[in-house]
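Here is what each chain is made of, one letter per residue.
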Amino acid sequence: MRILAITNLYPSPDRPWFGTFVEQQVQGLRAAGVEVEVLYFDRKREGPLLYYRMGPRVDEALSRFKPDLVHVMYGGVMADRLTARIRCCPVLVTFHGSDLLGENLSGLGRKLVSRYGVRCSFRAARRASGIVLVARHLDRVLPRNIERGKVRVIPCGIDLSRFRPMSAADCRLRLGWEPGVFHVLFPANGGDPVKRPWLADAAVLELKKSGVNVRLHRLSGVAYDEVPVWINASDVLVLTSLHEGSPTVVKEALACNVAVVSVDVGDVAERIAGLDGCHLAEAHPMDISRKLLKVWNRKGRIDGTRALASFTNQNVVERLKAFYVQLLEASVSPQSIQSSKSLSEKS
């Protein structure tokens, strides 16, 4: 099976942390025997007009590689242009969150651009042979006239050989973090306003007023190999985003048995349901602070790995491969995809 993966999310020398979940998925597919070629479009370096001049590079890759299927690994303008252009084989699009939800805390200019991107995502979803959503709640924002038989919910997987429990003391020593301090980790993601860093700052300030010796650490610009060290050095991960798809960092924290305190966003409620030591909080500094205080009082690690059996890279890759096969069969016999399990049954 030959898959051309086209993405604007992928690690690069200047941003080694960017799109690592896509890279892990590609590596997992290759390890499972799928021949994958990656075509990466670096919007940050080449600018937003990149998507309107990417045609020749796409045509060259299609002609040379001759894929059985094209997997577009993000929505928006890129997916819109690609689903309109590619006719030689089935096209699958993965939507990750902001490409369907927009960026509602950005400035006016960026907000308008993101709304245009959402409209592009809707057009791409209508044209696509198949759709992958990384979280079930994203189905609510897809237009109703999109056939749900071609939709699957497949969150990004976790490499449990990389993200695993490690000695907190050793990790803190390696990073130079003080012992005897309550270490709170915040996934800052380059200062994206949708992460609401001011909310995390305010919550930690309230916790300090309670007498807790606490430090907030921003996980941003950290090399991917170092992320497990940062997570294991922490006592708790705090997430305050306005919206998310399926935040990978939450699953990574659970894989390290590190507690999570989060607002009710994305699929976090599903991921931490029933896990002692993890808490949902209202999007208010006082309530987030109260939940962090519960983690501080409880002390110790959680049993997070038991919640991740279905989110290993291997499991996710097998689900993707099965969907690829269905889409290829449907390209020969269109009835086959319609007779497959629906979104609610498959997820």
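Below, the structure is looked at part by part. (Residues numbered from 1 in each chain as written. Predicted model: local features only at pLDDT ≥ 70, side-chain atom pairs only at ≥ 80, totals over all residues. Heavy atoms only, no water.)

Overview of the packing of helix α1 (residues 20–31) against helix α13 (residues 313–332)
Working step 1: Put simply, α1 and α13 touch, their axes get as near as 9 Å, and they point 70° apart. In terms of orientation, α1 and α13 fall into the roughly perpendicular class. Between α1 and α13, the contacting residues are Gln24, Gln25, Gly28 and Leu29 on the first element and Asn313, Val316, Val317, Leu320, Lys321 and Tyr324 on the second.
Working step 2: Tallied by class, the residues present in the contact of α1 with α13 amount to five nonpolar, four polar and one charged. (Axes fitted to C-alpha atoms, helices over the stretch in contact; angles between N-to-C directions. Helix = DSSP H or I, 4+ residues; strand = E, 2+ residues; numbered from the N terminus. Parallel < 35°, antiparallel > 145°, perpendicular 65-115°, else oblique. Contact = heavy atoms within 4.5 Å. Nonpolar A, V, L, I, M, F, W, Y, C, P; charged D, E, K, R; others polar.)

Side note on the pairing of strand β2 (residues 35–40)
Working step 1: Sheet topology places strand β1 (residues 2–7) next to β2; six bridges connect them, and they run parallel. The residue bridging Ile6 from the neighbouring strand is Leu39, located in β2.
Working step 2: Taken together, β1, α1 and β2 form a β-α-β motif whose crossover is right-handed. (Pairing = 2+ DSSP bridges. Right-handed = clockwise from strand over helix to strand, strands pointing away.)

A short note on the packing of aromatic side chains
Working step 1: Summed over all chains, the structure comprises three aromatic pairs.
Working step 2: Relative to Trp230, the ring of Trp177 lies with its centre 5.5 Å away and its plane at 85°, an arrangement referred to as edge-to-face. One end of the pair, Trp177, is in the loop between α7 (168–175) and β7 (182–186); the other, Trp230, is in helix α9 (residues 227–233), with 53 residues separating them in the sequence.
Working step 3: On the basis of relative accessibility, which here comes to 11%, the residue Trp177 falls in the buried class.
Working step 4: Positioned over the ring face of Phe65 is Arg2, at 4.3 Å from the centre of the ring.
Working step 5: Positioned over the ring face of Trp296 is Lys299, at 4.1 Å from the centre of the ring. (Phe/Tyr/Trp six-rings, centres within 6.5 Å; stacked < 30°, edge-to-face > 60°. Buried < 20%, exposed > 50% of the residue type's maximum accessible area, 1.4 Å probe, protein only. Lys NZ or Arg CZ within 6 Å of the ring centre and 35° of its normal.)

Focus on helix α3 (residues 55–65)
Working step 1: Among the residues making up α3, those that are buried are Gly55, Val58, Ala61, Leu62 and Phe65. For α3, the buried positions fall inside an angular range of 135° around the axis, keeping them on one side.
Working step 2: Looking at the buried residues of α3, the elements they touch are β1, β2, β3 (69–72) and α4 (76–85).
Working step 3: Where α3 terminates, the next one or two residues include Lys66, which has phi positive at roughly 50°. (Arc of directions from axis to C-beta.)

Quick look at the pairing of β7
Working step 1: Most of β7 sits inside the fold, with five of its five residues counted as buried.
Working step 2: Here β7 shows two buried faces, one formed by Phe182, Val184 and Phe186 and the other by His183 and Leu185.
Working step 3: The pairing of β7 with strand β8 (residues 214–218) spans five bridges and is classified as parallel. By the bridge assignment, Phe186 is partnered in β8 with Arg218.
Working step 4: Looking at chain direction, β7 and strand β9 (residues 236–239) are connected through two bridges and run parallel. Of the residues in β9, the one forming a bridge with Leu185 is Leu237.

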